[in-house]
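Report on the structure
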Amino acid sequence: MEKPSNVIVVMLDTLQFNYLGCYGNDWIKTPNIDRFAAQGVVFENAYTEGLPTVPCRRAMLTGRYTLPVKGWSQLDIDDTTIADLCWGRPIDTALIHDSGPFRLPKFGYSRGFDKVHFIHGHETDHQYYAQDELYGMKPEDYYEDHVLESADKILGENVMQPMLNQVECHLKERQYWKSDEDQHVAQVMKEAVNYMEKTDRAKSFMLWIDSFDPHEPWDPPSVYDDDLKCPYNPEYEGRDMFLPIQGDVDALYTEEELHHIRMLYAEKVTMVDKWFGYLMDEIRRMGLDQNTTILLVSDHGSPMGNGEHGHGIMRKCRPWPYEELAHIPFIMRGPGLPSGKRVSGFVQSCDVAPTVVDALGIGVHPSMQGHSLLPLAKGEVEKVRDFAIAGYFRYSWSIIREDYSYIHWLQDDEKSIADARFGIYGRGLAESTAHLREAAQANNANAVEDRDTAFLNRAYEEHKKAATLDGEDQWTCTSAASSEVPERDELYDRKNDPFQLNNIAADNKEVAEELLDELRMFMAELRAS
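Description of the structure in this document. (Residues numbered from 1 in each chain as written. Predicted model: local features only at pLDDT ≥ 70, side-chain atom pairs only at ≥ 80, totals over all residues. Heavy atoms only, no water.)

Structural notes on the side chain of D125
- Its location among the elements puts D125 in the loop between β4 (115–118) and α4 (145–155).
- At 2.9 Å, the side chain of D125 and the side chain of H120 are in polar contact.
- Among the polar contacts made by the side chain of D125, one reaches the main-chain amide nitrogen of G121 at a distance of 2.8 Å.
- In contact with D125, not counting residues within four places along its chain, are R103, F118 and H120. (Helix = DSSP H or I, 4+ residues; strand = E, 2+ residues; numbered from the N terminus. Polar contact = N/O pair within 3.5 Å; in protein donor to acceptor, adjacent residues only side chain to side chain. Contact = heavy atoms within 4.5 Å.)

What follows is the structure, given as structure tokens:
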């Protein structure tokens, strides 16, 4: 009897492609992901089209582009997901995760999975530990004194105390950790193995593993173990700022501090690699590697400093779809697929769903705009598209071709970091979280003040005012949306300037106009379909 086909999607949040050996990094240690890449197919030009976290997952689950139509908001009732398509078939579906954005109230992204297991405590769910006691640790110990003293003044808003409150929530959980086995990625991977041990081997399964690591906080084992040093920066004597403040980095951090933050991130990537290796070992031990297609993907990278590290910002606080954010790792291994193959053709986040359902034998649903990557991986086709797109709904579009990349800004108003963050993340929460704020007011209850509760409060005020964008206003992004973007569109030579540091639009106006026309036409087609 032929074994049933299974699919596992391993989503590693905020895994930047150039922090992996298989994507050309020659100093980081990621042996397990590199081995997985050698056994399968590496897609060298994979891009998330709709940024960041939530829009990407919508695209991956539905196979549809999100950038033209939707930002940080709920799954619609007429969206058809992978789990929806598995319903009524001999396929068990499971979601095992610690991703707070995956379970935002009323967003519905876990809809349709037969089994869902959520692990509490990661960023955006840190309030779960807010009422616990903290012993022997202080959040102030994880910021340099000059940051504690000057952050509010430099950034022009009250950021320091909310950040300290959030770090305190994290420490209340982490004070009991003994080793990396207690870290969230370890808990997620062990629970995934537990699911596979119990599943019916006579039936197919589709397992979605969503690890929020290596998303910030970037607190790998060396942060909490006095006997350990960060392996990528062992001589550093400053404090481990594992949850750096979002915003412009100039005047807030020194270059030495920024480098150490990146090295903490690198250490966390190496830790995530270790637990990915554990998962692969267990899959092989259970004999599932022969009939299981495995996709390793991420939703985005992260800005972490100046130049190619982040274009001058820390974390995802601006709607800027530069290379360090939009370019993602995408690796696939499975029965019938070649090993050691590298594919240069463009692939996108919306290709995940059609690839999964194709591997399960369901077939690609007519509503899906993405492509199954099985023919591309097998060499049956040379490419599935001529270019990739990326951007933030309402704020920015970009097109990435083999020769050039081009960024089109949908607005040029300058707002504060607080407005930019709320515009990206908070506005879509207005309707879905109004009930939480109303309940809190009715009970005179207040959560610990941090960035997320500030979002909920502001979203509630937006909801009360019924402030919405509609029609063309929504499409072109009017002043009602909050963000800061550069004044002029940008053109980059991908071969000579892959990290988009030298804008050549002014000297290449015909090329810039050509890419803008191509981008506008494609976006119009997507919007109409």
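Picking up after the structure, the text goes on.
Digging into the packing of helix α1 (residues 31–39) against helix α7 (residues 255–285)
- It is the contact of α1 with α7, at a shortest axis distance of 7 Å, that shows an interaxial angle of 50°. It follows from the interaxial angle that α1 and α7 lie oblique. When α1 is examined against α7, the residues P31, N32, I33 and F36 are found in contact with a partner set consisting of D273, K274, F276, G277 and M280. (Axes fitted to C-alpha atoms, helices over the stretch in contact; angles between N-to-C directions. Parallel < 35°, antiparallel > 145°, perpendicular 65-115°, else oblique.)

Structural notes on the packing of helix α6 (residues 184–198) against α7
- At a closest axis distance of 9 Å, the pairing of α6 and α7 adopts a crossing angle of 10°. Taken together, the axes of α6 and α7 are roughly parallel relative to one another. Of the residues in α7, those in contact with V185, A186, M189, K190, A192, V193, M196 and E197 of α6 are M271, V272, W275, Y278, L279, E282, I283 and R285.
- The residue inventory of the contact of α6 with α7, partitioned by class, reads 12 nonpolar, no polar and 4 charged. (Nonpolar A, V, L, I, M, F, W, Y, C, P; charged D, E, K, R; others polar.)

Some points on the packing of aromatic side chains
- Per the stated rule, a full pass over the model turns up 21 aromatic pairs.
- Aromatic pair Y19 and W27: ring centres 5.9 Å apart, planes at 80°, arrangement edge-to-face.
- Taking the relative accessible area as the measure of exposure, Y19 reaches 5% and is therefore buried.
- Ring geometry for W218 and Y265: centres 5.5 Å apart, planes at 75°, overall edge-to-face. In this pair, W218 is assigned in the loop between β5 (204–211) and β6 (247–248) and Y265 in helix α7, connecting sequence segments 47 residues apart. There is no split in this pair, since W218 and Y265 are both buried.
- A connected cluster of aromatic rings, assembled from ring pairs, spans Y19, W27, W218, Y232 and Y265.
- Directly above the ring of F118 sits R103, whose terminal nitrogen or CZ lies 4.2 Å from the centroid. (Phe/Tyr/Trp six-rings, centres within 6.5 Å; stacked < 30°, edge-to-face > 60°. Buried < 20%, exposed > 50% of the residue type's maximum accessible area, 1.4 Å probe, protein only. Lys NZ or Arg CZ within 6 Å of the ring centre and 35° of its normal.)

Some thoughts on the pairing of strand β15 (residues 404–409)
- Among the 6 residues that make up β15, 6 are buried, leaving the element largely enclosed by the rest of the structure.
- Taken together, strand β14 (residues 396–400) and the strand that follows it, β15, pair antiparallel across an intervening segment of 3 residues.
- Pairing analysis gives 4 bridges linking β15 to strand β16 (residues 490–493), with the strands arranged antiparallel. Looking across to β16, one finds that S405 is bridged to Y492. (Pairing = 2+ DSSP bridges.)

Focus: the pairing of strand β2 (residues 41–47)
- Counting buried positions along β2 yields 6 of 7 residues, so the element is predominantly enclosed.
- Note: β2 against strand β11 (residues 330–333), 2 bridges, orientation antiparallel. Counterpart to V42 in the pairing with β11 is I331.
- Across 6 bridges, β2 lies against strand β12 (residues 341–348) in parallel orientation. Opposite Y47, over in β12, you have Q348 as the bridge partner.
- Both β2 and strand β10 (residues 327–328) contribute to a ladder of 2 bridges, which runs antiparallel. Each bridged residue has a counterpart across the sheet, and for A46 the counterpart in β10 is I328.

Thoughts on the pattern of salt bridges
- Taken as a whole, this structure holds 29 salt bridges when the rule is applied.
- E168 is the partner of K172 in a salt bridge, and the nearest nitrogen-oxygen pair spans 3.7 Å. Of this pair, K172 and E168 are both found in helix α5 (residues 160–174), 4 residues apart, which corresponds to roughly one turn of the helix.
- R285 is paired through a salt bridge with E282; the nearest N and O atoms lie 2.7 Å apart. Of this pair, R285 and E282 both sit in helix α7, separated by 3 residues, roughly a single helical turn. (Salt bridge = Lys/Arg side-chain N within 4 Å of Asp/Glu carboxyl O.)

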